Amino acid sequence: MNTKLIQLINGGRIMKVKANNPILCIVVCMLFAGCTDNSIYFDITTEAVCTKRGNNIISLTIEEDGVNYNLYNVELRNDSMATNVFYFDRNNPSYKVVSVLQHSMEKQMINLKPCTVYKVENHSNGDRGYGCFTFKTDSRGKPLAETYKELNTVRDVVSHENETNH
């Protein structure tokens, strides 16, 4: 029996796997390659949603809770190149922005509105939990740094829920 030694890189660690079957090797490699992360953060200076590990954005959900409530789905356009950033207040040509509550009306961009709470979720990599953050805007529609909160782990979400329910 011919045993090959394969090194797989996973999260910066090198793992050694003995494989007797080349098909098994391919399956294991594909599993590790497909396990990417949905963690995101908000760059307040550029008013942009960014992925933490440089992964591409394929699908976002943006909840807008202010004077009016709205929900947006942001999806990669067919035949477009995905990027690892999505900007508010700018046209993002690779992405289609659809207002779910306004009869699936497509919009050019999402403008930040005054005195509004935003919740952004990244669902790009279906094999992982979503990445998320929240923030509020001031009376001019500018993000308030002190209200920004990342919710990329279960601990973050539980802590945030406890804070908002008290």
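Cut-offs used in this document
- Counting of residues starts from 1 at the beginning of each chain's written sequence and follows it residue by residue.
- Local features in this predicted model are restricted to residues of pLDDT 70 or higher, and side-chain atom pairs are both shown and tallied only at a pLDDT of 80 or more, whereas totals for entire chains, interfaces and linings draw on every residue.
- The basis for every side-chain value is the complete set of non-hydrogen atoms in the structure, without hydrogens or water.
- Elements are defined by DSSP. Helices are runs of H or I of four residues or more, strands are runs of E of two residues or more, and each kind is numbered from the N terminus.
- Exposure is judged per residue with a 1.4 Å probe applied to protein chains only, and the accessible area is read against the type maximum: over 50% gives exposed, under 20% gives buried, and values in between give partly exposed.
- Note on contacts: a residue pair is in contact if any heavy atoms of the two residues lie within 4.5 Å.
- Only one rule defines a salt bridge in this text: a Lys or Arg side-chain nitrogen within 4 Å of an Asp or Glu carboxyl oxygen.

Draft legend 1. Looking closely at the environment of Thr147. Mapped onto the secondary structure, Thr147 falls in the loop between β11 (131-136) and β12 (149-150). For Thr147, a relative accessible area of 22% gives the class partly exposed. Setting aside chain neighbours within four positions, we find Thr147 in contact with Thr134, Phe135 and Lys136.

Draft legend 2. Inspection of the pattern of salt bridges at higher detail. Counted by the stated rule, this structure contains six salt bridges. Put simply, Glu47 and Lys142 hold a salt bridge, and the shortest N to O gap is 3.5 Å. A residue pair is termed long-range when its members are at least 10 positions apart, and Glu47 in the loop between β3 (40-43) and β4 (48-51) and Lys142 in the loop between β11 and β12 qualify at 95 residues. A relative accessible area of 10% means that Glu47 is categorised as buried. Lys142 sits in the partly exposed class, given a relative accessible area of 39%. Here Lys119 ties to Glu121 by a salt bridge, and the two come within 3.6 Å at their closest N and O atoms. Overall, the relative accessible area of 25% leaves Lys119 in the partly exposed class. The exposure class assigned to Glu121 is buried, which follows from its relative accessible area of 15%.

These figures capture arrangement, not role.
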